[in-house]
Structures are given as structure tokens and as C-alpha cells.
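Remarks on the overall topology
Here is what each chain is made of, one letter per residue.
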Amino acid sequence: MVTTELREAVDALSVEDQLSLLEYLERIVSVGDEPLTDEQLATVCRRDAEMDADPTLGISEEEFFSRLEAKWL
């Protein structure tokens, strides 16, 4: 559970320290080590097909990274 105090402490960190914390958390919870379930894989495939059929449903890679940088850097 993320308490208000924990959120405030993380918000007070520099971006560099927040990224270091994120890397640490990813290591301790083994993010990405588990294979996708059949349901998750079906969802990814369905969404990929939807994007191929109508590219206006999403944003470009450039736009994604631009928004990410604007928010976090």
C-alpha cells in the first residue's frame, strides 16, 4: 500500500533519484521475468491488429517519447 507519506517522499526526490528507485523496485519485484499468459498475449495481439487497422488510435513513437520527456525531464 502506498501511503501519503511515501508518495510525498518519492515526489520530493530528484528525477535521477526517482529513476534509481524505479530501477531498484524493478529488480526486487522481478518485472518482466514472467511470461505473458495466453490472455495477455491475446490482448497484445488484438491491440496490435487494431492499431494496424487504424493507426489514428494511438500516438507515434516520437510523440510518446516527447510526452515522456516533457513529464519527467
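Structural notes, computed from the coordinates. (Residues numbered from 1 in each chain as written. Predicted model: local features only at pLDDT ≥ 70, side-chain atom pairs only at ≥ 80, totals over all residues. Heavy atoms only, no water.)

Some points on the layout of surface pockets
Taken as a whole, the largest pocket encloses approximately 330 Å³ of empty space. Every residue lining the largest pocket is listed: Leu6, Val10, Val15, Gln18, Leu19, Leu21, Leu22, Leu25, Leu68, Trp72 and Leu73. Those elements that provide at least two residues to the lining of the largest pocket are helix H1 (4–11), helix H2 (15–28) and helix H4 (61–72). In terms of residue count, the dominant contributor to the lining of the largest pocket is H2 (6 residues). Residue classes in the lining of the largest pocket are distributed as 10 nonpolar, 1 polar and no charged. (1 Å grid on protein atoms, 1.4 Å probe; cavity = no way out; pocket = protein on both sides within 12 Å on 5 of 7 lines; lining within 4 Å. Points joined across faces, edges and corners; volume = space filled by probe spheres on them. Helix = DSSP H or I, 4+ residues; strand = E, 2+ residues; numbered from the N terminus. Nonpolar A, V, L, I, M, F, W, Y, C, P; charged D, E, K, R; others polar.)

Remarks on the packing of aromatic side chains
Inspection of every chain in the model, using the stated rule, returns 1 aromatic pair. Ring geometry for Phe64 and Phe65: centres 5.1 Å apart, planes at 75°, overall edge-to-face. (Phe/Tyr/Trp six-rings, centres within 6.5 Å; stacked < 30°, edge-to-face > 60°.)

Focus: a nonpolar patch on the surface
A surface patch of nonpolar side chains, about 850 Å² in accessible area, is lined by Val15, Leu19, Leu22, Ile59, Phe64, Phe65, Leu68, Trp72 and Leu73. Contributions of two or more residues to the nonpolar patch are made by H2 and H4. No other element matches the 4 residues that H4 contributes to the nonpolar patch. Since its relative accessible area comes to 43%, Leu22 is described here as partly exposed. (Patch = residues over 30% accessible without salt bridge, like charges linked within 9 Å, V, L, I, M, F, W, Y side chains within 5 Å. Areas by Shrake-Rupley, 256 points an atom, 1.4 Å probe, with all protein chains shown as cover. Salt bridge = Lys/Arg side-chain N within 4 Å of Asp/Glu carboxyl O. Buried < 20%, exposed > 50% of the residue type's maximum accessible area, 1.4 Å probe, protein only.)

Brief notes about the environment of Pro35
Residue placement: Pro35 occurs in the loop between H2 and helix H3 (38–53). By relative accessible area, which is 64% here, Pro35 ends up exposed. For Pro35 and Leu21, which are 14 residues apart along the polypeptide, the C-alpha to C-alpha distance reads 24 Å.

With respect to the pattern of salt bridges
Here the structure, examined in full by the defined rule, presents 2 salt bridges. Of the charged contacts in the structure, one is a salt bridge between Glu50 and Arg46, with a shortest N-O distance of 3.1 Å. Of this pair, Glu50 and Arg46 both sit in helix H3, 4 residues apart, roughly one helical turn. Relative accessible area serves as the criterion here: at 36%, Glu50 is assigned to the partly exposed category.

Here's the deal with the side chain of Gln18
With respect to the secondary-structure elements, Gln18 resides in helix H2. For Gln18, a relative accessible area of 18% corresponds to the buried category. Other than its neighbours up to four places away in sequence, Gln18 contacts Val10, Asp11, Leu13 and Trp72. (Contact = heavy atoms within 4.5 Å.)

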